[in-house]
Amino acid sequence: MKLDPIFTIKNNILYKIDDNSQVATSTLKQIQIKWSTVEISDEAYNEEYLAQLREDLKSMEEAGTFAVLVPVVDKPLESPEQTEAFINTFNHTARRVKDCESVAGFVLPEEIASKDFAAGSPAQDFMETLAIKHAQYVYFVKADSASKNGLPDNISTI
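The structure displayed is predicted, hence computed values, not measured ones.

Asker: Looking at this model, I keep getting lost on the overall build of the chain. Mind explaining?
Answerer: Scanning the chain for helices and strands turns up 6 helices and 10 strands. Along the longest, intermediate and shortest principal axes, the C-alpha atoms of the chain span 45 × 35 × 25 Å. Looking at the 158 residues of the chain, the share that counts as buried comes to 44%. Partitioning the intrachain contacts of the chain with sequence separation of at least 6 by distance along the chain shows that 69% fall at a separation of at least 24. Counting every atom, the chain has about 8100 Å² of accessible surface; 47% of that belongs to carbon and sulfur. Charged side chains in the chain number 15 positive and 25 negative. The centres of these two groups are separated by 3 Å.

Asker: Explanation requested: the sheet that holds strand 7 (residues 67–72) in the structure shown.
Answerer: The strands that make up a sheet are held in pairs by hydrogen bonds between backbone atoms, and each pair lies either parallel or antiparallel. The 5 strands lie next to each other as 4-7-8-9-10, forming an open sheet whose pairing is parallel. Only two strands of the sheet have a single partner each, and these edge strands are strand 4 (29–34) and strand 10 (155–157). Pairs of neighbouring strands in the sheet enclose a mean axial angle of 35°, with direction left out of account. With 6 bridges connecting them, strand 4 and strand 7 associate as parallel partners. In the sheet register, Lys34 faces strand 7, and the bridge partner there is Val72. Relative to strand 4, helix 2 (residues 47–63) is tilted by about 175°, and along the sheet it contacts strand 4, strand 7 and strand 8 (103–107).

Asker: Sorry, what's going on with empty space enclosed by the protein here?
Answerer: Empty space left among the atoms is revealed by rolling a probe the size of a water molecule over them. Counting across every chain of the model gives 1 cavity of 30 Å³ or more. A volume near 50 Å³ is recorded for the largest cavity. Contributing to the lining of the largest cavity are Leu3, Asp4, Pro5, Ile6, Phe7, Cys100, Glu101, Val103, Ala104 and Gln136.

Asker: What is the right way to look at the nonpolar core in this model?
Answerer: Most often, soluble globular proteins keep nonpolar side chains buried together rather than apart. Leu57, Phe86, Phe106, Leu108, Phe117, Phe126 and Tyr139 are the most contacted members of the largest nonpolar core, which totals 34 residues. Ignoring any residue separated from it by four or fewer positions in sequence, one finds Phe86 in contact with Trp35, Pro71, Val73, Leu77, Pro109, Ile112 and Phe126. Val23, Ala104, Phe140 and Ile158 belong to the second largest nonpolar core, which has 13 residues in total.

Asker: Can you walk me through the sheet that holds strand 2 (residues 13–16) in this structure?
Answerer: Taken in spatial order, the 3 strands line up as 1-2-3 in an open sheet, and their pairing is antiparallel. Bordering the open sheet on either side are strand 1 (7–10) and strand 3 (21–22), each of which pairs with just one other strand.

Thresholds, definitions, all that
- Residues numbered from 1 in each chain as written.
- Predicted model: local features only at pLDDT ≥ 70, side-chain atom pairs only at ≥ 80, totals over all residues.
- Heavy atoms only, no water.
- Helix = DSSP H or I, 4+ residues; strand = E, 2+ residues; numbered from the N terminus.
- Buried < 20%, exposed > 50% of the residue type's maximum accessible area, 1.4 Å probe, protein only.
- Contact = heavy atoms within 4.5 Å.
- Areas by Shrake-Rupley, 256 points an atom, 1.4 Å probe, with all protein chains shown as cover.
- Lys, Arg positive; Asp, Glu negative; His and termini not counted.
- Charge placed at Lys NZ, Arg CZ, Asp CG, Glu CD.
- Pairing = 2+ DSSP bridges.
- Axes fitted to C-alpha atoms, helices over the stretch in contact; angles between N-to-C directions.
- 1 Å grid on protein atoms, 1.4 Å probe; cavity = no way out; pocket = protein on both sides within 12 Å on 5 of 7 lines; lining within 4 Å.
- Points joined across faces, edges and corners; volume = space filled by probe spheres on them.
- Core = buried A, V, L, I, M, F, W, Y, C linked by side-chain atoms within 4.5 Å.

This is the structure:
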């Protein structure tokens with residue numbers, strides 16, 4: 001099930017698509033998700049946790065509120081293999097909440113957002129991997145990360 005996007009980002013500002021109104025990112029609930037909580041061992045995922053996350057997001061949907069998912073890097077993220085495992089974990093997370101309209105998108109963690117946003121970068125790989133089946137998501141970085149790099153126009157701060 002593919003959802004239509006609800007939000008877009010233009011010139012680093014979040015907008016609601018249906019009426020082109022600007023949205024304050026402070027109105028989005030930030031839900032932190034530890035990598036180690038989702039990926040309990042190599043390519044083995046905590047489906048109970050993800051089912052509960054989906055229920056929580058569905059409750060938000062019923063209330064008309066929106067969230068951003070905030071991946072927390074709490075395992076080593078130093079090699080290409082570890083980066084791939086991290087991306088795969090959150091792509092799996094996105095699959096489990098794919099029908100939750102309450103998810104606006106993801107916050108790119110400092111560990112990948114601080115490098116750059118060029119093609120082939122961890123941040124670009126994260127966004128491109130999720131976009132294959134989850135094109136409705138928008139992406140954010142923490143405000144203190146934004147000052148370290150030139151921020152592409154399609155990413156906002158939170």
